[in-house]
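For reference, the chains in residue letters:
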Amino acid sequence: MITLGVEEEYLLLDPVTALPVPLADEVRAASGLQAMTEAREIKSELLQAQLEAATPVCTGLAEVGGHLLRLRHAVSAAAQKAGCRPVACGAAPLAGGAPVPVTGEGRYLALQAQGARLVDEQLVNGMHVHVGVPGRAAAVGALNRLRPWLPVLVAMGGNSPLWRGRDTGFASWRTVVFGRWPVSGPPPLFEGPDDYDRRVGALLRAGAIMDTGQLYWQARVSERYPTLEVRALDVQLTVEDAVLFAGIVRALVTTALREEREGAPLAPCPPEMLHAANWHAARYGLHRGLIDAHGRRRGPGEAVGALLAHIGPALDEAGDTREVNRLLRLFLGRGAPADRQRRALAAGGLTALTALASTESPESAESTESMEGRGSPESAGDPGSTEN
């Protein structure tokens, strides 16, 4: 079974004003999180109003869901003691006048010196899925084959429509914010692992990036673990949505690995078309369909159907078909995350919005009941499937 691990980033908000608050250290120090912090399941992030949760290495989707539930509950309880509220939204809906302080670690301070105002605006949160791969050559080959599918993930998973008190008009404003870094967006096509290493080395020597952690491509080869990391998704409102995308991403990587082994021809994917498709996906989500790698417009149903057809054999192989289809029906029935945020804001203002995005929201409670009905595993394994 191909393994996977998931990272989620949460934003810490004032429970009354809904403004980001720099209380990450206080939350991590709260009772109940110390052991998780030591095990690197709960980690600091660039800004002090953010935290990251990372599952251990998992083999099944129920295991992923069980760990995410456990981590969300622990962070929520600790945040309540620290006087704030963690939310799973891809961008801060409000921001105050003064920038949120940067976490006082060497790498983050160096990023602040490099990124200047961009770091002040990095109040965005993603979901990263690590999928185990058999070697570096296979990882680069699979990365090449994932590229055309990244805009579909961006469109489906957009959960950041609001920014500084206004509707951006985008499904994923986080995608726009991350696209401003020197190395970001859809990854380029590589000739193989040597070409990947040569080009990354050139970026490092030029000083364009400080380290490989600044390869902010939407998918990249892990430098620390034997995984391919897919970073295209905003953090998701519910555990069920997160598990859905974890299953889809694993199936995409599994399919790409099989195609690489079999020597299947690469689908044409011009970089300018891929970047245009990515922007279109971030702007409209599924509402106006998607642009595919050939420049064709596909309706939402057609695009999602093509994705399922592409990964169907991999879902069957992992025993995930029934669960992914069930979760997808729930996802489509509720509406995309950005749409849910907009509906909540229109119906009940910021109070309703933050309640929806809270890691203890009613939707998350429904997720809890559903996942626990399938049995949540005990916490076990090395959390090293994830990386910053």
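With an unreviewed UniProt entry as reference, the chain is termed Putative glutamate--cysteine ligase 2, source organism Streptomyces nondiastaticus. If you open the UniProt record of the chain and go to Catalytic activity (unreviewed entry), you find "L-cysteine + L-glutamate + ATP = gamma-L-glutamyl-L-cysteine + ADP + phosphate + H(+)". The Sequence similarities (unreviewed entry) comment attached to the chain in UniProt states, word for word, "Belongs to the glutamate--cysteine ligase type 2 family. YbdK subfamily."

A. The packing of helix H10 (residues 239–262) against helix H13 (residues 321–334), seen in detail. Look at H10 against H13: their axes get within 9 Å of each other, and the N-to-C directions meet at 130°. Judged by the angle between their axes, H10 and H13 are oblique. Crossing of H10 over H13 shows left-handed handedness. Packed against H10, whose contacting residues are Glu240, Asp241, Val243, Leu244, Phe245, Gly247 and Ile248, the element H13 presents Val324, Arg326, Leu327, Leu328, Leu330, Phe331 and Arg334 at the interface. Across the contact of H10 with H13, the residue classes tally to nine nonpolar, one polar and four charged.

B. Just the packing of aromatic side chains, in detail. Scanning the entire structure with this criterion turns up eight aromatic pairs. With 5.6 Å between their ring centres and 85° between their planes, phenylalanine 170 and tryptophan 279 make a pair best called edge-to-face. Pair noted here: phenylalanine 170 is in the loop between strand E7 (166–167) and helix H8 (173–178) and tryptophan 279 is in helix H11 (residues 271–284), with a separation of 109 residues, a long-range link. A relative accessible area of 46% means that tryptophan 279 is categorised as partly exposed. Pairing phenylalanine 245 with phenylalanine 331 gives two aromatic rings, centres 5.5 Å apart and planes at 90°, and the pair type is edge-to-face. Residue phenylalanine 245 is found in helix H10, and its partner phenylalanine 331 is found in helix H13; the two are separated by 86 residues along the sequence. Looking at phenylalanine 245, the relative accessible area reads 0%, which means it is buried. The buried category is assigned to phenylalanine 331, whose relative accessible area is 0%. Site record: aromatic cluster; members linked through ring pairs are Phe170, Trp173 and Trp279. Sitting over the face of the ring of phenylalanine 170, arginine 283 holds its NZ or CZ atom 5.7 Å from the ring centroid.

C. How the structure looks around the environment of leucine 61. Along the chain, leucine 61 falls in helix H3 (residues 61–82). Taking the C-alpha atoms as reference points, leucine 61 and glycine 126, separated by 65 residues in sequence, lie 19 Å from one another.

D. Molecular detail of the pairing of strand E1 (residues 4–13). Most of E1 sits inside the fold, with 10 of its 10 residues counted as buried. Residues Leu4, Val6, Glu8, Tyr10 and Leu12 point to one face of E1 and Gly5, Glu7, Glu9, Leu11 and Leu13 to the other, with burial holding for every one of them. Pairing of E1 with strand E5 (residues 126–132) involves five bridges; the strand directions are antiparallel. Residue pairing in the sheet places leucine 4 in a bridge with valine 131 of E5. In the sheet, E1 pairs with strand E3 (residues 50–54) via five bridges, with the strands oriented antiparallel. Its bridge partner lying in E3, glutamate 8 is registered against alanine 53. Bridge analysis of E1 against strand E4 (residues 85–87) gives three bridges, and the strand direction is antiparallel.

E. Up close: H13. Helix length check: H13, at 14 residues, gives a terminal C-alpha distance of 20 Å against a target of 20 Å (1.5 Å per residue), a fit within 8%. When we look at burial in H13, the residues that qualify are Glu323, Val324, Arg326, Leu327, Leu328, Phe331 and Arg334. At the exit of H13 stands glycine 335, carrying a positive phi of roughly 100°.

F. Broad picture of the side chain of arginine 220. Assignment of secondary structure puts arginine 220 in strand E10 (residues 219–221). The buried category is assigned to arginine 220, whose relative accessible area is 1%. Among the polar contacts made by the side chain of arginine 220, one reaches the main-chain carbonyl oxygen of leucine 215 at a distance of 2.9 Å. Separated by 2.8 Å, the side chains of arginine 220 and glutamate 229 make a polar contact.

G. How the structure looks around the side chain of aspartate 234. Within the secondary structure, aspartate 234 sits in strand E11 (residues 227–234). Separated by 2.7 Å, the side chain of aspartate 234 and the backbone nitrogen of asparagine 159 make a polar contact. Within polar-contact distance, the side chain of aspartate 234 engages the side chain of serine 160 at 2.8 Å. Residues within four places of aspartate 234 in sequence aside, it is in contact with Gly90, Asn125, Gly126, Met127, Gly157, Gly158, Asn159, Ser160, Ala171, Ser172 and Arg174.

H. Region of interest: the packing of H10 against helix H12 (residues 300–318). In contact at an axis separation of 8 Å, H10 and H12 are set at 90° when each is read in the N-to-C sense. It follows from the interaxial angle that H10 and H12 lie roughly perpendicular. Residues Gly247, Ile248, Arg250, Ala251, Leu252, Thr254, Thr255, Arg258 and Glu259 of H10 form the contact with H12, whose own contacting residues are Leu307, His310, Ile311, Pro313, Ala314, Leu315, Glu317 and Ala318. Here the contact of H10 with H12 is composed, by residue class, of nine nonpolar, four polar and four charged.

I. Quick look at the environment of leucine 23. Mapped onto the elements of the fold, leucine 23 is located in the loop between E1 and helix H1 (24–29). When the C-alpha positions of leucine 23 and aspartate 316 are compared, they lie 43 Å apart, and in sequence the two are 293 residues distant. Look past the residues within four positions of leucine 23 in its chain and what remains in contact with it is Leu12, Gln48, Ala82, Gly83 and Cys84.

How each quantity is defined
Residues numbered from 1 in each chain as written. Predicted model: local features only at pLDDT ≥ 70, side-chain atom pairs only at ≥ 80, totals over all residues. Heavy atoms only, no water. UniProt positions renumbered as here; feature names shortened; annotations may be inferred. Axes fitted to C-alpha atoms, helices over the stretch in contact; angles between N-to-C directions. Helix = DSSP H or I, 4+ residues; strand = E, 2+ residues; numbered from the N terminus. Parallel < 35°, antiparallel > 145°, perpendicular 65-115°, else oblique. Left-handed = near helix turned anticlockwise from the far one by under 90°. Contact = heavy atoms within 4.5 Å. Nonpolar A, V, L, I, M, F, W, Y, C, P; charged D, E, K, R; others polar. Phe/Tyr/Trp six-rings, centres within 6.5 Å; stacked < 30°, edge-to-face > 60°. Buried < 20%, exposed > 50% of the residue type's maximum accessible area, 1.4 Å probe, protein only. Lys NZ or Arg CZ within 6 Å of the ring centre and 35° of its normal. Pairing = 2+ DSSP bridges. Expected span 1.5 Å × (residues − 1). Polar contact = N/O pair within 3.5 Å; in protein donor to acceptor, adjacent residues only side chain to side chain.

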